[in-house]
Every structure is written in structure tokens, then in C-alpha cells.
Amino acid sequence: QTPEISTKMDAMGQQTLAWGGSSGDMEFSLSSSRGTKWMVHKPKRIGMSVGTSAMAHTPATLTPRARKPAAFASLTASGSQSGSGNAGAKVPLFMLASAAESKKQVATDAPAWRVAAGNLAAGAVAGCSVEAALYPIDTIKTRLQAMIGGGGIKALLQSGGGKGLYAGVWGNLAGVAPASAIFISVYEPVKKAVEQSVSQDQQYLGAVLAGMAAGTASSLVRVPTEVIKQRLQTKEFAGAMGAISHIMSKEGVRGLYAGYGAFMLRDLPFDAIEFVVYEQLKKAWTAFNKRELHAHETSLIGAFAGGFTGVVTTPLDVLKTRMMVQGASGRYSHVFDAMVKIAREEGAAAFMKGWQPRLMWISLGGFVFFPVLEASKKFFAPPPAPAPAPVVEEDKKKKK
């Protein structure tokens with residue numbers, strides 16, 4: 001039913017909005033500040049509790065004109081038909097009732113370059129935060145996986161593998177910043193485009209396809225960065241510039257992309273699985289609590305998503321590490337050759353080498369990365385668009 005709307009103002013400037021219908025009268029209390037802002041207070045309805053009233057509908061913004069409203073005015077939602085402007089102006093009930101639930105608007109009309117710049121900056125900040133904080137754990141993981149034969153962490157530490165855990169960190173950060181920036185700047189628009197083109201029960205495809213597309217785009221930077229980082233971590237070179245110079249002179253550009261196939265074999269499923277788990281858990285938890293996630297909740301979900309994905313992709317990570325650190329030795333000719341030789345010479349257990357530090361590293365990485373990413377996306381996002389100006393039409397009739 002479309003009710004009739006009327007408003008009254010008392011001596012204190014308090015507005016009361018009332019409408020009638022076949023099921024009873026309802027009232028909204030509205031307060032204004034200099035005729036420019038409105039606040040909708042708790043409604044009252046005769047014979048009907050607030051909890052059962054039809055209040056949760058699509059938000060509508062109510063905005064007053066600059067001039068002070070008259071003692072009697074009809075209120076219309078912006079964008080709706082206001083009729084004659086009299087006290088009997090008719091407005092759909094849900095448009096007024098939902099005004100209290102209006103949320104901060106997003107700058108949907110922001111230029112594409114501004115949105116892309118925000119995603120680039122957010123990705124760079126999040127990626128560098130994780131690498132800088134957890135680099136020593138990654139170094140231990142790499143050295144364990146590069147060891148041919150057994151021994152584990154104890155043998156690694158006894159051979160001096162626990163020293164120089166920040167070897168190559170600055171060169172790595174120089175590559176992580178652009179790689180992470182590219183990843184997020186591709187991930188966000190692809191996810192949005194896919195989600196808009198599929199049904200509600202296929203929304204997970206957004207994270208799957210976006211993760212794979214972003215991983216492929218960023219691999220052009222990530223693979224050379226990973227090659228140099230891991231060869232510095234295994235103490236083959238003393239510095240990033242020396243490593244680049246040696247690899248280019250002895251192995252060429254192909255040396256910088258050593259293990260590219262193994263890297264993609266690991267990272268495409270990793271990115272797809274991790275972001276799907278994260279996005280789905282985030283949506284489920286948000287729906288359960290009916291609010292946005294707090295930072296610590298985002299951290300815990302990110303840690304679970306990262307840890308789970310890290311463990312199940314450890315065999316692929318071992319293959320990637322072996323291919324990247326072999327250098328010009330040519331021990332493995334391709335990924336399948338590495339798989340066969342590792343299984344034959346070291347046993348199936350070798351494919352899970354370094355899973356403990358990998359679990360720790362990626363779980364903590366998810367704990368840090370996702371909340372930093374969410375905060376950075378908000379910080380670097382375009383400013384919200386201003387709310388449309390509400391309309392208050394003065395009643396042509398005056399109270400007699």
C-alpha cells in the first residue's frame with residue numbers, strides 16, 4: 001500500500017513524519033541541522049512491533065533543500081515522483097523506511113586510472129609487508145627444499161643454514177612491489193567482471209578466474225624475482241646485482257625465467273585456491289554476523305586460507321624450487337624429469353620437504369597480507385561520491 005505522508009515541526013526544530021494506512025499509523029522522528037542534514041530515528045507503529053515491520057529494503061537517501069522547511073511539508077525521496085507537493089504526496093513506504101539503513105556511497109563514477117592506481121598501491125603495500133616481516137621463514141623453507149638428501153631442519157642448522165636469513169631481501173622487495181601491484185590491479189576488476197556475469201550460486205568463479213588471470217599477469221615479474229631471491233637465499237651469490245649480472249652472462253634471459261613452468265604449475269592453483277577459500281569464508285562470516293569483518297577476523301580467515309593452500313601445494317613448491325636453484329648445472333631438464341628423479345632418488349617424502357616452515361610462513365603471510373590489503377584498498381580508494389541532495393517540498397497548503 002502507498003501511504004499518505006505528512007510532517008510537522010515543533011518549536012525545537014524536531015520533525016515528525018507520519019503516514020496512515022489500513023493497518024494503522026506509523027511515525028518517524030527526524031531531526032535536522034541547519035536544514036541540510038536529516039537523521040531518522042526509531043519508528044513507532046500502532047499494533048505492530050518494529051521487528052516485524054517491513055523496514056529492510058533498498059536504501060533511499062532523503063535530503064533537504066537549502067532553505068528551511070515550512071511548518072507543514074510533504075517529504076519525497078530523491079529520484080521518486082513527488083506528485084503535487086502537497087501534504088498528500090505519496091511515497092512508497094520502503095523508500096522512507098530504509099533511509100536509516102543507507103550506507104556510505106562509493107565513487108562509482110571514479111575514472112578507471114584512479115581505481116587502478118588504488119589497486120596498484122594496495123597490492124604493493126600488502127605484498128611488501130608480508131615479505132619484509134616473514135622473509136627469514138621463507139629462507140629456511142627454500143634451503144630445506146634445495147637440500148638433496150635427508151637431514152631436515154637439524155642438519156640445516158648444523159651446516160650453518162640458519163645464518164643470513166635476510167639474504168637478498170632488498171632485491172626481493174624491489175621485485176615484490178611491482179609483482180603484487182600487478183596482481184591486485186588485475187584481480188579486482190576481473191573478479192568484479194566475472195561475478196557480474198554469472199549467477200549467484202557461481203560467484204566463486206570470480207575468485208578462481210581472477211586469481212589465475214592475476215597470477216599469470218604478475219608471473220612476468222614474479223618469476224625473475226623468485227629466481228634471484230632463491231639463489232641468494234642458498235648463498236650462491238652475495239648480492240642481487242651480482243646475481244643478475246652472472247645469470248644474464250652465463251644463462252641469458254632464460255636463466256631469469258628458470259622454472260617458469262613449475263612456478264605456474266604451483267602458483268595458478270595456489271592463487272585460485274587461496275583466494276576462493278578467503279572470499280567464501282569472508283562472505284559466509286559477514287553474512288553470519290550481518291556486519292563487516294573486523295581486522296582480527298580478516299587475519300584469522302586469511303591465515304587459514306593461506307595455511308591450507310600452502311600445505312596442499314607443497315609438492316609443487318618443491319619442484320619449483322629445484323628447477324629455479326639448479327642454475328646452469330642442468331640436473332633437471334624439465335618439470336616431469338625433476339618429479340621422476342626426486343621420487344626415484346629421494347622418495348615420495350621429499351615432495352613434502354619444508355612443509356612446516358611453508359605452513360608457518362604462508363599462514364602468517366595470510367594473517368598479515370589480507371588485513372593490510374583490505375585496509376590499503378580502503379585507504380587508496382577514490383573518495384566516496386557525495387550523497388544526492390534530498391528534496392523537501394513545501395506544502396502549498398497552510399494549517400488553518
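Right above here is the structure, for reference.
The text that follows walks through the structure, step by step, so that each part is easy to find. Note on numbering: residues in each chain are counted from 1, in written sequence order. Per-residue local features are limited, in this predicted model, to residues with pLDDT of at least 70; the limit for side-chain atom pairs, both in listing and counting, is 80 or more; totals at the level of whole chains, interfaces and linings are taken over all residues. Processing note: side-chain calculations cover all non-hydrogen atoms of the structure and skip hydrogens and water entirely.

1. Here's the deal with empty space enclosed by the protein
Which entries qualify depends on this criterion: Lining residues are those with an atom within 4 Å of a point, where the points come from a 1 Å grid over the protein atoms alone and group into cavities, where a 1.4 Å probe fits but cannot get out, or pockets, open sets with protein on both sides within 12 Å along at least five of seven lines. Grid points are joined across faces, edges and corners, and a volume is the space filled by probe spheres set on the points. Amino acids are sorted into nonpolar (Ala, Val, Leu, Ile, Met, Phe, Trp, Tyr, Cys and Pro), charged (Asp, Glu, Lys and Arg) and polar (every other residue, Gly among them). Secondary structure counts use DSSP, requiring at least four H or I residues in a row for a helix and at least two E residues in a row for a strand, with both numbered from the N terminus.
Taken as a whole, this structure holds 2 cavities of 30 Å³ or more when the rule is applied. When its volume is computed, the largest cavity comes out at roughly 660 Å³. Looking at the largest cavity, it is lined by 29 residues, and the ones nearest its centre are Glu 131, Ser 180, Arg 222, Phe 270 and Trp 361. Grouping the amino acids of the lining of the largest cavity by side-chain chemistry returns 12 nonpolar, 8 polar and 9 charged. As a volume, the second largest cavity reaches approximately 40 Å³. Taken together, Tyr 187, Glu 188, Phe 275, Tyr 278, Glu 279, Leu 373, Glu 374 and Lys 377 make up the full set of residues lining the second largest cavity. Contributions of two or more residues to the lining of the second largest cavity are made by helix H4 (169–197), helix H8 (260–289) and helix H12 (355–380). Residues that form the lining of the second largest cavity fall into these classes: 4 nonpolar, no polar and 4 charged.

2. Focus: the packing of aromatic side chains
Note the threshold: Put simply, two rings from Phe, Tyr or Trp (the six-membered ring, in Trp's case) pair if the centres are within 6.5 Å, and we call them stacked under 30 degrees between planes, edge-to-face over 60, tilted for the rest. Think of it in three bands: residues with accessible area under 20% of the maximum for their type are buried, residues over 50% are exposed, and the middle band is partly exposed, with areas taken using a 1.4 Å probe on protein chains only.
Going through the model one piece at a time under the given rule, you end up with 11 aromatic pairs. Between Tyr 278 and Phe 370 the ring centres are 3.8 Å apart and the planes differ by 20°, which places this aromatic pair in the stacked class. Here Phe 370 lies in helix H12 and Tyr 278 lies in helix H8, a separation of 92 residues in the sequence. Both residues of the pair, Tyr 278 and Phe 370, count as buried. Here Trp 285 and Phe 288 contribute two aromatic rings whose centre-to-centre distance is 5.7 Å and whose plane-to-plane angle is 25°, an arrangement assigned as stacked. Of this pair, Trp 285 and Phe 288 both sit in helix H8, 3 residues apart, which is roughly one turn of the helix. Assessed through its relative accessible area of 62%, Phe 288 is described here as exposed. Chaining the aromatic ring pairs together yields one cluster made of Phe 183, Tyr 187, Phe 275, Tyr 278, Phe 369 and Phe 370.

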